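Inside the fold
What follows is each chain in one-letter form.
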Amino acid sequence: MLFEIELEALRDQLDRIDEQICVLLEQRFEITDEVGRLKKSYDQPIDQLSREAQIKQNLTDKLEGYKHLNEILNLYELLFDMSKKSQKNV
Ligand SMILES: O=C(O)C(=O)C[C@]1(C(=O)O)C=C[C@@H](O)C=C1
C-alpha cells in the first residue's frame, strides 16, 4: 500500500512536469518552424550543424554538474531531428 501511495505521488509530480515540458516544446517547435519559413524564403539550408554544436556546447557549460547532462544532450539530438523534419513541411 505504501508502494502505491508513493508511486502515485511521484507520478503526479511527473504529470505536472510533463505538462510544463509540453508547453515549452510546443513553443520551441513554433519558433523552429518560423526559422524554417525564414530559411525557405531566403533559400537557405535547413541543416545548421554548427548552430547545433553551439547549442550543445552552451548546454554543456550551463548544466555543469548535472547528473543527467548526457541524457539531456541526447534529447537535443532528437529535438534537432524533429525540428528539421517539421521545417521541411513549413
Ligand atoms: O537555428 C536554426 O537554424 C534552426 O533551424 C533551429 C535548430 C534547432 O532546433 O535549434 C534546427 C535546425 C538546425 O540544424 C539548427 C538548430
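Before any of the text, the structure's been laid out above.
Residues numbered from 1 in each chain as written. Predicted model: local features only at pLDDT ≥ 70, side-chain atom pairs only at ≥ 80, totals over all residues. Heavy atoms only, no water.

Examining the nonpolar core
How we decide: Each nonpolar core is a collection of buried residues, namely Ala, Val, Leu, Ile, Met, Phe, Trp, Tyr and Cys, held together in the definition by side-chain atoms within 4.5 Å. Relative accessible area decides the class of each residue, using a 1.4 Å probe on protein chains only: under 20% of the type maximum gives buried, over 50% gives exposed, and in between gives partly exposed. To qualify as a helix, a DSSP run of H or I must reach at least 4 residues; to qualify as a strand, a run of E must reach at least 2; elements of each kind are numbered from the N terminus. Any two residues having at least one pair of non-hydrogen atoms within 4.5 Å are treated as being in contact.
Ranked by size, the top nonpolar core spans six residues in total: Ile55, Leu59, Leu63, Leu69, Leu73 and Phe80. Of all the elements in the fold, those that place two or more residues in this core are helix H2 (49-62) and helix H3 (69-87). Apart from the residues within four sequence positions on either side, leucine 59 is in contact with Leu69, Leu73 and Tyr76.

Digging into the packing of helix H1 (residues 2-41) against H3
Put simply, the rule reads: Between N-to-C directions, angles span 0 to 180 degrees; the directions come from axes that are lines fitted to C-alpha atoms, helices contributing only their stretch in contact. Each angle gets one of four labels, with under 35 degrees taken as roughly parallel, over 145 as roughly antiparallel, 65 to 115 as roughly perpendicular, and the rest as oblique. Two helices that cross are described as forming a left-handed crossing if the nearer one is turned anticlockwise from the farther one by less than a right angle, and a right-handed crossing if clockwise. Each residue receives one of three labels: charged for Asp, Glu, Lys and Arg, nonpolar for Ala, Val, Leu, Ile, Met, Phe, Trp, Tyr, Cys and Pro, and polar for the others, Gly being one of them.
Taken N-terminus to C-terminus, the directions of H1 and H3 make an angle of 50 degrees; their axes are 9 Å apart at the nearest point. The angle between the axes of H1 and H3 places the two elements in the oblique class. Here the hand of the crossing between H1 and H3 comes out right-handed. Residues Leu25, Arg28, Phe29, Thr32, Asp33, Val35, Gly36 and Lys39 of H1 pack against Tyr76, Leu79, Phe80, Met82, Ser83, Ser86 and Gln87 of H3. Looking at the contact of H1 with H3 residue by residue, the class counts come to seven nonpolar, five polar and three charged.

Looking at a nonpolar patch on the surface
Here is the rule: What makes a patch is a set of residues exposed beyond 30% relative accessible area and free of salt bridges, joined within 9 Å when like-charged and within 5 Å when nonpolar (Val, Leu, Ile, Met, Phe, Trp, Tyr). Only the protein chains shown count as cover for residues, and the accessible areas themselves come from Shrake-Rupley with a 1.4 Å probe. Basic side-chain nitrogens of Lys or Arg form a salt bridge, by our definition, when they fall within 4 Å of a carboxyl oxygen of Asp or Glu.
Nonpolar side chains collect at one region of the surface, where Leu75, Leu78 and Met82 lie side by side and expose about 290 Å² of accessible area between them. Among the structural elements, leucine 75 can be located in helix H3.

Regarding the site of the ligand
The criterion, for reference: The cutoff for a nearby residue is simple: one of its non-hydrogen atoms must lie within 4 Å of the molecule or strand. The term polar contact refers here to a pair of N or O atoms within 3.5 Å; inside protein, the definition further demands a hydrogen-donor-capable atom paired with an acceptor-capable atom, and it admits residues adjacent in sequence only when both atoms are side-chain atoms. Computed over the protein atoms alone on a 1 Å grid, cavities are sets of points where a 1.4 Å probe fits but cannot get out and pockets are open sets with protein on both sides within 12 Å along at least five of seven lines; a residue lines them when it has an atom within 4 Å of a point. Any molecule with more than half of its atoms within 2 Å of a cavity's or pocket's grid points is regarded as sitting in that cavity or pocket.
Of all residues adjacent to the ligand, which total 14 residues, the nearest are Arg28, Lys39, Gln48, Glu52 and Ser83. Backbone polar atom of glutamine 48 to an oxygen atom of the ligand: 2.8 Å apart, as the coordinates give it. At 2.9 Å from an oxygen atom of the ligand is found a side-chain nitrogen or oxygen belonging to glutamine 87. Burial of the ligand by the protein chains amounts to 90% of its free accessible area of 360 Å². Mapping the ligand onto the cavity grids shows that it belongs to the second largest pocket. Within the residue set of the shell around the ligand, elements represented by two or more residues are H1, H2 and H3. Along the lines of polarity and charge, the residues of the shell around the ligand split into four nonpolar, four polar and six charged.

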